[in-house]
Structure formats: structure tokens, C-alpha cells
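Residues per chain, in single letters:
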Amino acid sequence: MKFTFKPSPNYRSEQTTSGIMRDVTLCLLAVLTFAIVWYSVSYGTAYGLRVFLMALFAVIAAEVTEIIWFKATGKDWKEIFHSYGWVTALILVLITRLNVSYYAVIVCTIVAIIFGKLIFGGFGQNIFNPAAFGEALLMNSFSSAVNADITT
């Protein structure tokens, strides 16, 4: 019996980064759609609209932040299509509580994109998850605005 050794990666696929991120975006949009429908049916359309607006504001904030960053650093602004900032924004909205203000979501999305992603080199170069960084910032900086229902 002969054993062969090959260096990493051991698994190779024909998938591209763009294809993978397209699939991730579609999955996040499916979860977002379900959240909008569930909150609308369970608690009223105002809650479903709130989820939609939080996602819309976060995605706009992420994309505008990346455009400004790319313009400031001299890169082509069209690189936002390969930076996938909307993925960070959608994940941040989906892990955030519903009673967070729009302002807090926008600020935390901007900070997550700049300090959690772009400063370290952009897509694939970040040292931690930018959406989790934004959520941690949201819970630490805007915790007084987000009252937890805790019973002792």
C-alpha cells in the first residue's frame, strides 16, 4: 500500500469567490424575507417594515462607506462589487435586536465596515468577523438604548 501526501488545500472546487458570495447573499435574503414575513404576521406589518428598513439602511450605509473609502484610497469605486459589504450589513441586521434605532444600525455598520474590514485590507483580509464586530459595538455603545427584558 502506498500513501501519498499532498499539501493543502486537499479539496479543490470550480467555485469562484463571486459565486460563493452570490449564494451567501441569496441565503441571507431568504432569511431576511422570512424574518420580514414572520414579524409582519406575528406582530404586525410595522415590525416587518422595521426589519426591511433596518436592512435597507445598513446596506446603503455599507455601500456608501465602501465607495467613500475606495475614492479616498484612490481605488476604483466599482470594486465594491468584489468587496461584498452588503453581506456584512445583512448579517449585522439579522443578528441585531429589533428595537435598536436606525441610527445605531447605521453607525455600527459604518464602523464595522471601516474598522472591522477595510483597515485590514478588505474582503478576505479581516482578522475577525466585521458583522460580529459591529454587533459587539452596538451592544457596548448603544446598550442604554436597547433595554433587555431581564427577570431576576
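Residues numbered from 1 in each chain as written. Predicted model: local features only at pLDDT ≥ 70, side-chain atom pairs only at ≥ 80, totals over all residues. Heavy atoms only, no water.

**Student:** Looking at this structure, I do not really get the layout of surface pockets. What am I missing?
**Tutor:** Unfilled space is identified by rolling a water-sized probe across the atoms. If you add up the space inside the largest pocket, you get close to 180 Å³. Every residue lining the largest pocket is listed: V31, F34, A35, W38, Y39, V51, M54, V93, L94, T96, R97 and L98. No other element matches helix α1 (residues 17-43), which puts 5 residues into the lining of the largest pocket. (1 Å grid on protein atoms, 1.4 Å probe; cavity = no way out; pocket = protein on both sides within 12 Å on 5 of 7 lines; lining within 4 Å. Points joined across faces, edges and corners; volume = space filled by probe spheres on them. Helix = DSSP H or I, 4+ residues; strand = E, 2+ residues; numbered from the N terminus.)

**Student:** I'm lost on a nonpolar patch on the surface in this one. Help?
**Tutor:** On the surface, L49, F52, L56, I60, V64 and I68 cluster together into a nonpolar patch covering about 530 Å² of accessible area. When you line up the elements, V64 lands in helix α2 (residues 45-72). (Patch = residues over 30% accessible without salt bridge, like charges linked within 9 Å, V, L, I, M, F, W, Y side chains within 5 Å. Areas by Shrake-Rupley, 256 points an atom, 1.4 Å probe, with all protein chains shown as cover. Salt bridge = Lys/Arg side-chain N within 4 Å of Asp/Glu carboxyl O.)

**Student:** I tried to follow α1 on my own but got confused; where do I start?
**Tutor:** Given 3.6 residues per turn, any residue in an α-helix points the same way as the ones three and four places further on. Compared with an ideal rise of 1.5 Å per residue, which puts 27 residues at 39 Å, α1 spans 38 Å between its outermost C-alpha atoms and is within 8% of the ideal. All buried positions along α1 are accounted for by G19, M21, T25, L28, L32 and A35. On the buried face of α1, the contacting elements are α2 and α3 (85-95). Just downstream of α1, G44 is the residue with a positive phi angle, here 115 degrees. (Expected span 1.5 Å × (residues − 1). Buried < 20%, exposed > 50% of the residue type's maximum accessible area, 1.4 Å probe, protein only. Contact = heavy atoms within 4.5 Å.)

**Student:** Help me understand the environment of F34 in this model?
**Tutor:** Of note, F34 is situated in helix α1. Distance in space between the C-alpha atoms of F34 and G48 is 9.7 Å, their sequence separation being 14 residues.

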